[in-house]
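# Geometric and topological summary
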Amino acid sequence: QVQLVESGGGLVQAGGSLRLSCAASGTIFRINTMGWYRQAPGNRRELVAAITSGGSTSCADSVKGRFTISRDNAKNTVYLQMNSLKPEDTAVYYCNADIRVRLISNAKDYWGKGTLVTVSS
């Protein structure tokens, strides 16, 4: 079984910073793209940032210049550095990873349970 466990959420004032981490564990052959999504109350889940196994990144326009995604392939971990946080960044942040558990298996999407980020004004 594969598990994704997020950490690093919390309460921060506007303009502050937080760093989220997500570690994948279990039977893993290869991790392809990893990403962070977020969902605010009443809103749909949206992609925040993603990073391929080779290190190519992409992010939503709303966080460009403020958030940075990175990963440590040796640790099966993805990070999200969030700077200059705004109240509108308040949401539950979910880790996502496209993981192949065996050489002969297809890759599958896995999700963490989420970590709450609250930005006060």
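Given the structure is predicted, the values throughout are model-derived calculations rather than measurements.

### A closer look at the packing of aromatic side chains
The tally for this structure, following the rule as stated, stands at one aromatic pair. Over the ring of tyrosine 79 we find arginine 19, and its NZ or CZ is 4.1 Å from the ring centre. The ring of tyrosine 94 is capped by arginine 45, whose NZ or CZ atom sits 3.7 Å from the centre of that ring.

### A few points about the side chain of serine 21
Tracing the backbone shows serine 21 in strand β3 (residues 18-26). Classification of serine 21 by relative accessible area gives buried; the value is 18%. In contact with serine 21, not counting residues within four places along its chain, are Val5, Glu6, Ser7, Trp36, Val78 and Tyr79.

### Details of the sheet that holds strand β1 (residues 2-7)
Judged by pairing direction, the sheet is antiparallel, and its four strands sit side by side in the order β1-β3-β8-β7 without closing on themselves. The outermost strands of the open sheet, each flanked by one partner alone, are β1 and β7 (67-72). Across the sheet, the axes of successive neighbouring strands diverge by a mean angle of 15°, strand direction being ignored. Looking at chain direction, β1 and β3 are connected through six bridges and run antiparallel. Note that in β3 the partner of glutamine 3 across the bridge is serine 25.

Thresholds applied
Residues numbered from 1 in each chain as written. Predicted model: local features only at pLDDT ≥ 70, side-chain atom pairs only at ≥ 80, totals over all residues. Heavy atoms only, no water. Phe/Tyr/Trp six-rings, centres within 6.5 Å; stacked < 30°, edge-to-face > 60°. Lys NZ or Arg CZ within 6 Å of the ring centre and 35° of its normal. Helix = DSSP H or I, 4+ residues; strand = E, 2+ residues; numbered from the N terminus. Buried < 20%, exposed > 50% of the residue type's maximum accessible area, 1.4 Å probe, protein only. Contact = heavy atoms within 4.5 Å. Pairing = 2+ DSSP bridges. Axes fitted to C-alpha atoms, helices over the stretch in contact; angles between N-to-C directions.

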